[in-house]
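# Residue-level structural notes
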Amino acid sequence: MRRDILPLSRGGTKSANGTARLLPTRDGWLAISLARSSDFELVPALVSGEASDPWSEIAMWASRVETASAVDRAATLGLAAAGLGEQMHARPWSITPWPKTSRPRRQERPVVVNLGALWAAPLAAHVLHRSGATVVDVRTGRGEDVNDRWRDRLHDGHQTEHVDLTSPDGRNHLRELVTEADVVIEASRPRALRQLGVDAESIMPDKRPRVWLRLTGYPRPAERIAYGDDAAVAGGLVAHDANGPVFVGDAIADPLTGLRAALAALACLSEGGSWVVDLAMSGVAAHAAGIPDSGHNQCKLK
């Protein structure tokens, strides 16, 4: 579906969409994504020098440092980066029952409020819509640098609510939307919604949501950002050619996580009760790669 819309091509150590690279370090391999135009502005700080040719400068810098040090520096700057296999034993998901007084189920279609803007969360919402749910996409203007045709395909058939998070009225409207949802999908760093008072701990105890899906790059409470390509590398989900590891698929951790999120929501709705579901893209990638001891056997509804 994406390749019909976006200019994708197999690139080996260059991601299919061109925004990430897989680079050798002193002791391993580093994946780093420059997915936003603002990311390129941070390259001089990352490499401690000029960046007239950003990717060449990053490659030279990476070759001189150890992987863990490179990841830490990138994370400090707010860049998405991962060491190959660093999360290979991370738990891919957890499904936690949330005790509260049960509210009656809707007689009509369940309402899904999607707060995520990129791929995994909208894909989960899209699958739930195709399964019969009413989906409301919340647009805040943040993290939405996405191809319009691709966005339109993912959000086809959804309702849209534009919310201004800089205003009290906008923040109140956001709270109203999530309190009346049956399913909430978020894909923010943990502190982002907590600061707005629109997180599972604040909303779930006495409001309607029966399923709260929390999609992150790394297992909570980590605040690191991630995109599908670097998260896959973190989980060890790569292919290999004669020269070493290469990217596999197109931002593969995103669709894997989105599909699993939708499946978890449907299972929880069918089970009844209230649930908080955490999915980490890097852990989902490790599970898909078949990494032993990735913790998936510990994640069950009961």
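Residues numbered from 1 in each chain as written. Predicted model: local features only at pLDDT ≥ 70, side-chain atom pairs only at ≥ 80, totals over all residues. Heavy atoms only, no water.

## Notes on the confidence of the model for the protein chain
Stated formally: Known as pLDDT, the predictor's confidence for each residue is given on a scale from 0 to 100. Here a helix means four or more residues in a row that DSSP labels H or I, a strand means two or more in a row labelled E, and each is numbered from the N terminus. It only takes one pair of heavy atoms within 4.5 Å for two residues to be counted as in contact.
The predicted model of the protein chain has a mean per-residue pLDDT of 86, with 87% of residues at 70 or higher. For the protein chain, the element scoring lowest by mean pLDDT is helix 6 (residues 148–154), at 71; strand 2 (residues 29–33) scores highest, at 98. Low pLDDT, under 50, characterises residues 294–302; the stretch is placed with 22 contacts to residues that sit more than four places away or in other chains.

## Comments concerning the sheet that holds strand 9 (residues 211–216)
The following threshold applies: At least two DSSP bridges between two strands are required for those strands to pair. A fitted line through C-alpha atoms serves as each axis, taken over the contacting stretch for helices, and the angle formed by two N-to-C directions is quoted from 0 to 180°.
As summarised here, the arrangement of the seven strands in space is 4-12-9-8-5-6-7, forming an open sheet in which the pairing is mixed. Unpaired on one side and paired on the other, strand 4 (93–97) and strand 7 (159–162) mark the two borders of the sheet. When the angles between neighbouring strand axes are averaged without regard to direction, this sheet yields 15 degrees. Summarising the sheet, strand 5 (residues 111–114) and strand 6 (residues 134–139) pair through four bridges and their orientation is parallel. Opposite valine 111, over in strand 6, you have threonine 134 as the bridge partner.

## Side note on the packing of helix 5 (residues 120–130) against helix 11 (residues 253–271)
Rules: Small angles under 35 degrees read as roughly parallel and large ones over 145 as roughly antiparallel, with 65 to 115 read as roughly perpendicular and the rest as oblique. Crossing chirality is assigned from the near helix's rotation relative to the far helix, an anticlockwise turn below a right angle marking it left-handed and a clockwise turn marking it right-handed. Classification used: nonpolar for Ala, Val, Leu, Ile, Met, Phe, Trp, Tyr, Cys and Pro, charged for Asp, Glu, Lys and Arg, polar for all others including Gly.
Running from N to C, helix 5 and helix 11 point in directions that differ by 40 degrees, and their axes come no closer than 7 Å. By the angle between their directions, the pair helix 5 and helix 11 is classed as oblique. For the crossing formed where helix 5 meets helix 11, the hand is right-handed. Of the residues in helix 11, those touching helix 5 at Ala120, Leu123, Ala124, Val127 and Leu128 are Asp254, Pro255, Thr257, Gly258, Leu259, Ala261, Ala262, Ala265 and Leu266. Partitioned by chemical class, the residues of the contact of helix 5 with helix 11 number eleven nonpolar, two polar and one charged.

## Here we look at the nonpolar core
Inclusion rule: What makes a nonpolar core is a set of buried Ala, Val, Leu, Ile, Met, Phe, Trp, Tyr and Cys residues whose side-chain atoms join them at distances within 4.5 Å. Accessibility here uses a 1.4 Å probe with only protein chains present; expressed as a share of the type maximum, an area under 20% marks a residue as buried, one over 50% as exposed, and anything in between as partly exposed.
Within the largest apolar cluster, 36 residues are counted, with the highest numbers of intra-cluster contacts made by Leu128, Val183, Ile185, Val211, Leu213, Leu215 and Val277. Counting only elements with at least two residues in this core, the list comes to strand 4, helix 5, strand 8 (183–186), strand 9, helix 10 (228–234), helix 11, strand 12 (275–280) and helix 12 (281–288). The element that contributes the greatest number of residues to this core is helix 11, accounting for eight residues. Excluding anything up to four places from it in sequence, valine 277 contacts Ser94, Ile95, Val211, Trp212, Leu213, Arg214, Ala264 and Cys268. If you look at the next biggest cluster of nonpolar residues, it comprises 20 residues, including Leu165, Leu193, Ile203 and Trp212.

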